[in-house]
Amino acid sequence: MKPKLWVPGDWNAFFGFGTNILVNLLTLTGLLRFVLKMPDDLVFHRILPATGLMLCLSTFYYAYLAYRLSKKTGRTDVCALPSGISVPHMFIVTFVVMLPIALKTGDPIKGWEAGLTWVFIQSFVLMIGGFVGPWIRKVTPRAALLGTLAGVSITFISMRPALEAFLTPVIGITCFAIILLSWFGGVRYRGIPAGLVAIGVGTAIAWGSTALGLNFGGMTLQGLTSSVTDFGFRFPIPAFGHVFSGFQFLGVILVTAIPYGIYDLVEAIDNVESAAVAGDSYPTTRVLTADGVVSLIGCMMGNPYINAVYIGHPGWKAMGGRIGYSAGTGIMVIALCWFGTISVMLALIPSVAILPILLYIGMLIGSQAFQETPRRHAPAIILALVPHLANWGLTMINNSLAAAGTVVAALSHEQLGELITKMKDQGVLYDAMQILGGGSILGGLVLGAIAVFIIEREFMKAAGFAMAGAAMTFFGFMHGEQIGIAQTPTVAVSYVIIAGILAGCAKYATVPAKPAEEETEIEGEGVPA
């Protein structure tokens, strides 16, 4: 049997999946240009060509796996796994890694280099993760993983788009309403994806306001004309030196790269299982290795974003997608990224029309933590959010001080102590925010896991996570500003004391049995895709 490379249903899946990838590319480019303030030469001549190469390799490889599976089984309904840039991690590496480093150094190139190193480390986590993924999924509560991710979604994904949308409400709020009506309210726009409708309406308002002299969205004919100069073939150039230059920020990078690399591999495992339920069984180890290798190639060529298998395989399969839609998307991405097409699209489309999509993603990720976990775990999720709120507040304070001419990192120990004392007099506990918000991703994960196991009255498991928290705190992975030895020793000792109390409760405490209705509520959950 020789499988068909293209069937009529591939058109439906191609336009749906291709639109998804297009919106992600526009969002990515907007983050690079307007948030990180990276020069256009770097964005259009280095990063986007590398991103296009990575996405093309990924979509072609999964089309190849689908072809092999179809040929092996003799089935004609095999659907390729969807893949692309991991959307949650796109914002995480932008706002948690690249932006702070770019602001601290005053050089967006340093932020780019840190992003490349972040992906470099995550790639190896994915490649070796196939051996530890099942164990991580088994020992970590879903509420802890999703709770700490919700913290990032609320603070570093949702807040800035929400603020900017309300700065230009005639575009931002209008587009947001269009998205909410479709993606939450079920409204259909005659088969046109809601994201494209929102972008189209926002673009029409922006250019109409420009014609009337109101200039909502900042669109100009001069900008559109100059964007045409970016047309031309741009092949990705190796960025090996930049990847290894980012290792000077290793302390900041490891705090996020390792836990999110672990989350990526667990997410990939779940998505492969979802495809298997839909009838297409792909080898988990090969998928994880492919994501790692493709991401590694991308970062070595200049792309600071990780590749991931997407959720949604059953949907594309039900739409009629088979092998061709994945490969076709890869060809489309090359056309967009290697020939300067993205720059023209951004000169046509106001960034504020795209921002509501980011706010929607933040809402979705944040709400998932409560929707996909037992109700009784809600307090644990709230606890997992707290370190992220402290980290976000700390970031806002540092940025505000920098805008006023005071760079915290440049202050002497005495000057910083005096500033902290003055802030405390005004009710701002700056030093406490440093401790609680340091390594917030791991901090939220550990605190959330301890709370879940206490709720479940599994005190020894809670003690195990408390000891893990003590070790990570001692070496600066959480509750600290940098990796080292004895960064916040009193906090580490506190976790040890907590572990001892929990172990004592497991052995000596008498607690009532859980109510029957709670025992039957959502048992045996793993991590969702």
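Residue positions are given per chain, counted from 1 along the sequence in the order it is written. Reporting of local features is limited, given that this is a predicted model, to residues whose pLDDT is at least 70; pairs of side-chain atoms are given and counted only at 80 or more, and all residues count toward the totals for whole chains, interfaces and linings. Only hydrogens and water are set aside; all other atoms, that is, all heavy atoms of the structure, feed into the side-chain values.

S.K.: How should I be thinking about the overall build of the protein chain in this particular structure?
M.R.: A helix here means a DSSP run of H or I that spans at least four residues, while a strand means a run of E at least two residues long, and both kinds are numbered starting from the N terminus. Scanning the protein chain for helices and strands turns up 23 helices and two strands. Compactness check: the protein chain gives a C-alpha radius of gyration of 24 Å against a globular reference of 24 Å for 529 residues, within 12% of the reference. In terms of its C-alpha atoms, the protein chain occupies a principal-axis envelope of roughly 65 × 60 × 45 Å. A simple rule labels every residue: compare its accessible area, found with a 1.4 Å probe on the protein chains alone, to the largest value its type can have, and call it buried under 20%, exposed over 50%, or partly exposed in between. Split into buried and exposed, the 529 residues of the protein chain put 54% on the buried side. Here the contacts in the protein chain between residues at least 6 apart in sequence split such that 82% fall between residues at least 24 apart. What sets the accessible areas is the Shrake-Rupley method with a 1.4 Å probe; for residues, cover comes only from the shown protein chains. Summed over all atoms, the accessible surface of the protein chain reaches about 22,300 Å², with 68% contributed by carbon and sulfur. His is not counted, nor are the chain ends, whereas Lys and Arg count as positive and Asp and Glu as negative. For charged residues, the charge sits on one atom: NZ in Lys, CZ in Arg, CG in Asp, CD in Glu. Side chains of the protein chain carry 29 positive and 28 negative charges; the gap between the two charge centres is 9 Å. Each radius of gyration reported is based on C-alpha atoms, and the globular scaling rule is 2.2 Å times the count of residues to the power 0.38. Any two residues having at least one pair of non-hydrogen atoms within 4.5 Å are treated as being in contact.

S.K.: When you look at the packing of aromatic side chains in this model, what are you seeing that I'm missing?
M.R.: Each pair of aromatic rings is reported with the distance of its centres and the angle of its planes. Stacked, tilted and edge-to-face pairs are distinguished by plane angle, under 30 degrees for stacked and over 60 for edge-to-face with tilted covering the rest, among Phe, Tyr and Trp rings (Trp via its six-membered ring) whose centres lie within 6.5 Å. Under the definition given, this model contains 17 aromatic pairs. Each member of the aromatic cluster is reached from another via a ring pair, and the members are Phe-120, Phe-124, Phe-244 and Phe-247.

S.K.: Would you mind going over the environment of Gly-279 with me for this structure?
M.R.: As for its position among the elements, Gly-279 is in the loop between helix 11 (250-277) and helix 12 (284-300). In this structure, the C-alpha to C-alpha distance between Gly-279 and Lys-317, residues 38 residues apart in sequence, is 9.8 Å. The contact partners of Gly-279, leaving out residues within four places of it in the chain, are Arg-75 and Lys-317.

S.K.: Got a minute to help me understand the packing of helix 17 (residues 378-403) against helix 19 (residues 430-437) in this structure?
M.R.: The angle between the axes and the distance between the axes are what describe a pair of packed helices. Interaxial angles span 0 to 180 degrees and are taken between N-to-C directions of axes, which are lines fitted to C-alpha atoms, for helices over the stretch in contact. Orientation of helix 17 relative to helix 19, taken along the N-to-C sense of each, is 130°, at an axis distance of 8 Å. Here helix 17 is positioned oblique relative to helix 19, judged by the angle of their axes. Relative to helix 19, the crossing made by helix 17 is left-handed. On helix 19, the residues touching Val-386, Pro-387, Ala-390, Asn-391, Gly-393, Leu-394, Ile-397 and Asn-398 of helix 17 are Tyr-430, Met-433, Gln-434, Leu-436 and Gly-437. In this classification, the charged set is Asp, Glu, Lys and Arg, the nonpolar set is Ala, Val, Leu, Ile, Met, Phe, Trp, Tyr, Cys and Pro, and all remaining amino acids, among them Gly, are polar. In the contact of helix 17 with helix 19, the residues fall into eight nonpolar, five polar and no charged. Relative orientations are named as follows: roughly parallel for angles under 35 degrees, roughly antiparallel for angles over 145 degrees, roughly perpendicular for angles from 65 to 115 degrees, and oblique for any other angle. Crossings are classed by handedness, with left-handed meaning an anticlockwise turn of the near helix from the far one by less than a right angle and right-handed meaning a clockwise turn.

S.K.: Quick question: what am I supposed to make of the state of the cysteines here?
M.R.: Put plainly, a disulfide is one covalent bond tying together the sulfur atoms of two cysteines. A pair of sulfur atoms, both from cysteines and within 2.5 Å, is called a disulfide here. Under the criterion given, the structure shown has zero disulfides. Cys-79 takes part in no disulfide bond, and the closest cysteine sulfur to it belongs to Cys-56, at a distance of 18 Å. Taking the relative accessible area as the measure of exposure, Cys-79 reaches 0% and is therefore buried. With no disulfide partner, Cys-299 has as its closest neighbouring cysteine sulfur the one in Cys-337, 17 Å distant.

S.K.: Explain the pattern of salt bridges here, please?
M.R.: Side chains carrying opposite charge are able to pair once their charged atoms draw close together. When a carboxyl oxygen of Asp or Glu lies within 4 Å of a side-chain nitrogen of Lys or Arg, that pair is called a salt bridge. As enumerated under the stated definition, the model contains eleven salt bridges in all. Residues Arg-75 and Asp-77 are paired through a salt bridge, measuring 3.0 Å at the closest nitrogen-oxygen approach. Among the residues examined, Arg-75 registers a relative accessible area of 24% and is labelled partly exposed. For Asp-77, a relative accessible area of 31% gives the class partly exposed.

S.K.: How should helix 16 (residues 351-371) be read in this particular structure?
M.R.: Helical periodicity: at 3.6 residues per turn, an α-helix aligns residues three or four positions apart in one direction. One less than the number of residues in a helix, times 1.5 Å, gives the span that helix is expected to have. Along its 21 residues, helix 16 runs 31 Å from first to last C-alpha, staying within 8% of the 30 Å computed at 1.5 Å per residue. For helix 16, a buried count of 15 out of 21 residues is recorded, marking the element as mostly surrounded by other parts of the structure.

S.K.: When you look at the nonpolar core in this model, what are you seeing that I'm missing?
M.R.: One recurring pattern in soluble globular proteins: nonpolar side chains tend to sit buried together. Residues Leu-26, Met-38, Phe-91 and Tyr-282 are the most contacted members of the largest nonpolar core, which totals 117 residues. Of the residues forming this core, the biggest block, 15 residues, is contributed by helix 2 (residues 40-73). Not counting residues within four places of it along the chain, the set of residues in contact with Tyr-282 comprises Leu-65, Ala-66, Leu-69, Val-78, Cys-79, Ala-80, Leu-81, Val-272, Ala-275 and Val-287. Membership of the second largest hydrophobic core comes to 20 residues, among which are Leu-145, Val-446, Ile-450 and Phe-465. Nonpolar cores were defined as sets of buried Ala, Val, Leu, Ile, Met, Phe, Trp, Tyr and Cys residues, with membership established by side-chain atoms within 4.5 Å.

S.K.: Would you take a moment to explain the packing of helix 7 (residues 169-183) against helix 16 for this structure?
M.R.: Their axes nearest at 8 Å, the elements helix 7 and helix 16 cross at an angle of 45°. Overall, the two elements helix 7 and helix 16 adopt an arrangement that is oblique. When the axes of helix 7 and helix 16 are compared, the crossing they make is right-handed. Contacts between helix 7 and helix 16 involve Ile-171, Gly-172, Cys-175, Phe-176, Ile-179, Leu-180 and Trp-183 on the former and, on the latter, Val-352, Ala-353, Pro-356, Ile-357, Leu-359, Tyr-360 and Met-363. Grouping the amino acids of the contact of helix 7 with helix 16 by side-chain chemistry returns 13 nonpolar, one polar and no charged.

S.K.: Mind showing me how you'd approach the side chain of Asn-307 here?
M.R.: If you trace the backbone, Asn-307 turns up in strand 2 (residues 307-309). Within the structure, the side chain of Asn-307 is placed 3.1 Å from the side chain of Ser-58, a separation counted as a polar contact. Polar side-chain contacts of Asn-307 include one of 3.1 Å to the side chain of Asp-291. Beyond its immediate chain neighbours, meaning those up to four positions away, Asn-307 contacts Met-54, Leu-55, Ser-58, Ser-83, Gly-84, Ile-85, Leu-126, Asp-291, Val-294 and Ser-295. We call two N or O atoms a polar contact when they sit within 3.5 Å, provided that within protein one can donate a hydrogen and the other can accept it, with sequence-adjacent residues counted only if both atoms are side-chain atoms.

S.K.: Would you explain the confidence of the model for the protein chain in this entry?
M.R.: Residues shown with low pLDDT carry predicted positions that ought not to be read at fine detail. Averaged over every residue, the pLDDT of the protein chain is 84; residues scoring 70 or more account for 93%. Within the protein chain, no element has a lower average pLDDT than helix 23 (residues 516-519), which sits at 48, and none a higher one than helix 22 (residues 489-508), at 94. The pLDDT value tells you how sure the predictor is about a given residue, anywhere from 0 up to 100. Note on residues 517-529: pLDDT under 50 across the span, and 31 contacts to partners over four residues away in sequence or across chains.

S.K.: Would you take a moment to explain helix 18 (residues 413-425) for this structure?
M.R.: For helix 18, spanning 13 residues, the distance from its first C-alpha to its last is 19 Å, which sits close to the expected 18 Å at 1.5 Å a residue. Leu-416, Ile-420 and Met-423 are the residues of helix 18 that are buried. Buried residues along helix 18 cover an arc of 60° about the axis, so they all sit on one side. Residues of helix 18 that are exposed and point over 90 degrees away from its buried face: Glu-414 and Asp-425. In the core, the buried residues of helix 18 are packed alongside helix 17 and helix 19. Where helix 18 ends, the next residue or the one after it, Gly-427, has phi of about 85°, a positive value. Our arc is simply the arc of the directions from the helix axis toward the C-beta atoms.

S.K.: What am I meant to see in the environment of Ile-354 here?
M.R.: One can find Ile-354 in helix 16. Counting along the chain gives 47 residues from Ile-354 to Asn-307, while the straight-line C-alpha distance between them is 21 Å.

S.K.: Whenever I open this one, the side chain of Thr-59 confuses me. Can you help?
M.R.: In this fold, Thr-59 is placed in helix 2. Among the residues examined, Thr-59 registers a relative accessible area of 2% and is labelled buried. At a separation of 2.9 Å, a polar atom in the side chain of Thr-59 contacts the main-chain carbonyl oxygen of Leu-55. At 3.5 Å, the side chain of Thr-59 and the backbone nitrogen of Gly-330 are in polar contact. Dropping the residues within four chain positions of it, Thr-59 is found in contact with Phe-17, Ser-83, Ser-326, Ala-327 and Gly-330.

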